[in-house]
Amino acid sequence: MRAILSDVQAQQEMQQFEVELIGLTQQAKNLRVIFIEQESLESFTIDQINLQENILEFPLTFHQLKGHFPGQTRFVWEVYLQWQVADHFETVQIENEYIETKQIDLTTFQKISGDFSGFTNIELTEKNQDAVFELHNVQRLSDRIRLVGAPKIGDQVMKNIVITVGNTDNQNNSFRLANNISTYSDLFVFELLLTDLKVNQKYILKIAYDFEGSHIHQQVGLISEFDLSKDFATDANGQTVFLEKSYDNVISLTRLEKSSKFSTITQSLVNKTQRLLSASGVLATKLKLLWIKRLFKRSRSPFVKPTIVFESFGGRQVSDSPLAIYRVFKEFYPSYNLVWAIYPELKAFCREHGIRYVVRNSAKWVNLMCRAQCWVSNARYPSWVKKSKFTFYLQTWHGTPLKKLGLDIKQVTMPGTDTASYHRNFTREANRWDALISPNDYSTNIFRSAFGYKNQVLKLGYPRNDELLQATPEQITQLKQSMGIPANKKVVLYAPTYRNNSYISTGITPIYQLVNIPLNYLLV
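Residues numbered from 1 in each chain as written. Predicted model: local features only at pLDDT ≥ 70, side-chain atom pairs only at ≥ 80, totals over all residues. Heavy atoms only, no water.

Caption draft 1: Up close: the overall build of the protein chain. Helices and strands together make up the secondary structure of the protein chain, namely eleven helices and 34 strands. Expressed as a percentage of its 524 residues, the buried residues of the protein chain come to 43%. When contacts within the protein chain are restricted to residue pairs at least 6 apart in sequence, long-range pairs at least 24 apart make up 59% of them. Looking at the protein chain as shown, the accessible area adds up to about 29300 Å², and 53% of this sits on carbon and sulfur atoms. (Helix = DSSP H or I, 4+ residues; strand = E, 2+ residues; numbered from the N terminus. Buried < 20%, exposed > 50% of the residue type's maximum accessible area, 1.4 Å probe, protein only. Contact = heavy atoms within 4.5 Å. Areas by Shrake-Rupley, 256 points an atom, 1.4 Å probe, with all protein chains shown as cover.)

Caption draft 2: Structural context of the pairing of strand S25 (residues 251–256). Among the six residues in S25, five count as buried, and that is most of the element. Here strand S21 (residues 201–211) runs beside S25; their pairing, made up of four bridges, is antiparallel. Bridge assignment links Gln201 to a residue of S25, and that residue is Arg255. (Pairing = 2+ DSSP bridges.)

Caption draft 3: Up close: the sheet that holds strand S1 (residues 2–11). Taken in spatial order, the five strands make up an open sheet running S5-S6-S2-S1-S9, and their pairing is mixed. Taken across any chain shown, the strands that pair with only one partner, and hence form the sheet edges, are strand S5 (50–52) and strand S9 (95–96). Of the strand pairs in this sheet, S1 and S9 are connected by two bridges, and their pairing is parallel. Bridge assignment links Ile4 to a residue of S9, and that residue is Glu95. Across the sheet, helix H8 (residues 441–451) lies against S1, strand S2 (14–22) and strand S6 (55–61), angled at about 25° from S2, the strand it touches most. (Axes fitted to C-alpha atoms, helices over the stretch in contact; angles between N-to-C directions.)

Caption draft 4: Representation of the environment of Ile153. Residue position: Ile153 is located in strand S16 (residues 152–153). When the C-alpha positions of Ile153 and Gln103 are compared, they lie 5.6 Å apart, and in sequence the two are 50 residues distant. Non-local contacts of Ile153, meaning those with residues more than four positions away in its chain, are made with Gln103, Ile104, Asp105, Leu106, Met158, Tyr209 and Phe211.

Caption draft 5: Broad picture of the side chain of Gln72. Examined against the element boundaries, Gln72 turns out to sit in the loop between S6 and strand S7 (74–85). On the accessibility criterion, Gln72 (11% relative accessible area) is buried. Among the polar contacts made by the side chain of Gln72, one reaches the side chain of Glu37 at a distance of 3.3 Å. (Polar contact = N/O pair within 3.5 Å; in protein donor to acceptor, adjacent residues only side chain to side chain.)

Caption draft 6: Structural context of the confidence of the model for the protein chain. Averaged over all residues, the pLDDT of the protein chain equals 81, while 83% of them reach at least 70. This stretch, residues 277–287, has a pLDDT under 50; its non-local contacts, to residues over four places away or in other chains, come to eight contacts. (pLDDT = per-residue confidence, 0-100.)

Caption draft 7: Local environment of the packing of aromatic side chains. Counting across every chain of the model gives 26 aromatic pairs. Aromatic side chains Phe35 and Phe44 sit 4.8 Å apart centroid to centroid with 5° between the ring planes, which places their arrangement in the stacked category. When sorted by exposure, Phe35 lands in the same class as Phe44, which is buried. Through successive ring pairs, a cluster of aromatic residues spans Phe17, Phe35, Phe44, Phe58 and Trp77. The residue whose ring lies beneath Arg32 is Phe89, and the NZ or CZ to ring-centre distance is 4.6 Å. Positioned over the ring face of Phe109 is Lys127, at 4.7 Å from the centre of the ring. (Phe/Tyr/Trp six-rings, centres within 6.5 Å; stacked < 30°, edge-to-face > 60°. Lys NZ or Arg CZ within 6 Å of the ring centre and 35° of its normal.)

Caption draft 8: Structural view of the pattern of salt bridges. Per the counting criterion, the structure on display carries 16 salt bridges. In this structure, the salt-bridge partner of Glu126 is Lys66, at a minimum N-O distance of 3.6 Å. One end of the pair, Glu126, is in strand S12 (residues 120–126); the other, Lys66, is in the loop between S6 and S7, and 60 residues separate them in sequence. Glu126 sits in the partly exposed class, given a relative accessible area of 29%. Overall, the relative accessible area of 26% leaves Lys66 in the partly exposed class. Here Arg144 and Glu191 are joined by a salt bridge, their closest N and O atoms 2.8 Å apart. Placement of Arg144 in strand S15 (residues 144–149) and of Glu191 in strand S20 (residues 188–193) is noted, with a sequence separation of 47 residues between them. (Salt bridge = Lys/Arg side-chain N within 4 Å of Asp/Glu carboxyl O.)

Caption draft 9: Focus on unusual backbone geometry. A positive phi is found at Glu212, a non-glycine position, where the angle reads about 50°. Topologically, Glu212 is positioned in the loop between S21 and strand S22 (214–222). By relative accessible area, Glu212 is classed as exposed at 62%. Positive phi, close to 65°, is recorded for Asn361, a residue that is not glycine. Inspection of the secondary structure puts Asn361 in the loop between strand S28 (357–359) and helix H6 (363–371).

Caption draft 10: Fine view of the nonpolar core. Residues Phe296, Trp365, Trp397 and Phe451 are the most contacted members of the largest nonpolar core, which totals 60 residues. Broken down by element, this core gets its largest block of residues, six residues, from H6. Filtering out sequence-adjacent residues up to four positions away, Trp397 remains in contact with Asp320, Ser377, Asn378, Arg380, Leu405, Phe426, Trp433, Leu436, Phe447, Phe451 and Tyr462. Counting residues in hydrophobic clusters, the runner-up holds 30 residues, among them Phe133, Leu197, Ile216 and Phe232. (Core = buried A, V, L, I, M, F, W, Y, C linked by side-chain atoms within 4.5 Å.)

Caption draft 11: Here's a closer look at H8. The set of residues buried in H8 consists of Ser443, Thr444, Ile446, Phe447, Arg448, Ala450 and Phe451. Regarding H8, its N-cap is Asn440, as a side-chain oxygen of that residue lies 3.3 Å from the backbone nitrogen of Tyr442 further along. Of the residues flanking the end of H8, it is Gly452, one or two places downstream, whose phi is positive at about 60°.

Caption draft 12: Looking closely at the sheet that holds strand S30 (residues 392–395). Strand order in this open sheet of seven strands is S28-S27-S26-S29-S30-S31-S32, and the pairing throughout is parallel. A single partner strand is all that each edge strand has here, and the edge strands are S28 and strand S32 (456–458). Taken pair by pair, the neighbouring strands of this sheet meet at an average axis angle of 25°, ignoring direction. One ladder, built from four bridges, connects strand S29 (residues 374–377) with S30; its direction is parallel.

Caption draft 13: Seen up close, a positive patch on the surface. Taken together, the side chains of Lys293, Arg294, Lys297, Lys386, Arg424 and Arg428 define a basic patch exposed on the protein surface. Contributing elements (two or more residues each) for the positive patch: helix H3 (289–296) and helix H7 (419–430). Relative to the helices and strands, Lys293 is located in helix H3. (Patch = residues over 30% accessible without salt bridge, like charges linked within 9 Å, V, L, I, M, F, W, Y side chains within 5 Å. Lys, Arg positive; Asp, Glu negative; His and termini not counted. Charge placed at Lys NZ, Arg CZ, Asp CG, Glu CD.)

Written as structure tokens, this is what we have:
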């Protein structure tokens, strides 16, 4: 049996852990979770288990993760599941699909991550009140630096947040950044103009805020797992800025002198040469599918610049959860190379909305797919689309599986395939996914069985639905008015998917026509 940590919900001092069990049998009894601290080997057991089908839940307080070894301030816990079969116990270490770093209070930090083998580690660290306040992200834009953080510690909101920039050689020569410009309630955003930094001077950031009746002053650090140093070591408009992160995550910024005319000319020549080389790939855009398949067999090295390829419904749309993820990366990681794979019909749409794109089934597309560090798609790729070893494939899928999928279809009637081939191809493609987003426990169970899927499941909810949950009453009213829906009516969207019987014969009436719905919604 496998046990995978899939979700953690926290409310004040209590956390509810959720573990997905794969291969659970009725013979398994007396389930319990065992925590073992790596350094002191201290341990404790949780017997209060709730088991619903194959989802196991148990409560855990932050206090339980504070060990009792004298003088120890950092505790790293391994997590095991144990159960009884007949007259003996069996034990497995719990795998990890949940990543989170959380500041519980002013002095306590919790980090949930996976070790090199993919097993769960829960780290609890106690620091003093002057500990570093860690931002979520620092972005380098053309003329400024953007600082992004969360304005909450535990369940409490920070108030009157102020960020100051200080020169390490002269702390008296500091200045305050403008107010928070974030459009998100759960983030704060401050911006620092590069022209405010003197040349060849090193700067550190400090944050001040009110929290639970106290006025707190801290240095600013960075929690991001991304390597941002490359982004800050680039030249933009003649201004070079380096970001450094110390052992305790404290960050500093240094603005260097403008690039010389010689280096600027040299860089310009290099850029033109690179553009000429890349343009040669356009000549291959008319090659037939057979040639495209052969191109995928060639090995390639990854792009130097982090590159993500987005695709929705096989390149037919720019939509759904890939679009929601794209918008987040575009806002918070603008230095990344974000490209959509599309069919030619969408070129005008992408140009109109400032979206970088590559035409699907072209030589340029093959090169992009083979060298990108990440793919984000909501549908399957053909088997001949080869994934490089360094590419992370995130599958968002595109709906709640209310119909039969994959291995759950007992008889496949689609043209061009048979049941055995369909099942084999479906399973092979699914297990190329490095991670699959699931909206709920119901879908997770079906995805596992229907896809024969054994890799990571991210039970985060569909990104495309986040804005629906965050919609304000004013936005709902405005939407109803724009569609001519009475303000006092509830709205039920009816959006049926295809049915397998549409492949059997022609002329079958779609179900939405049979029920005689005049519009794509029902008024209740």
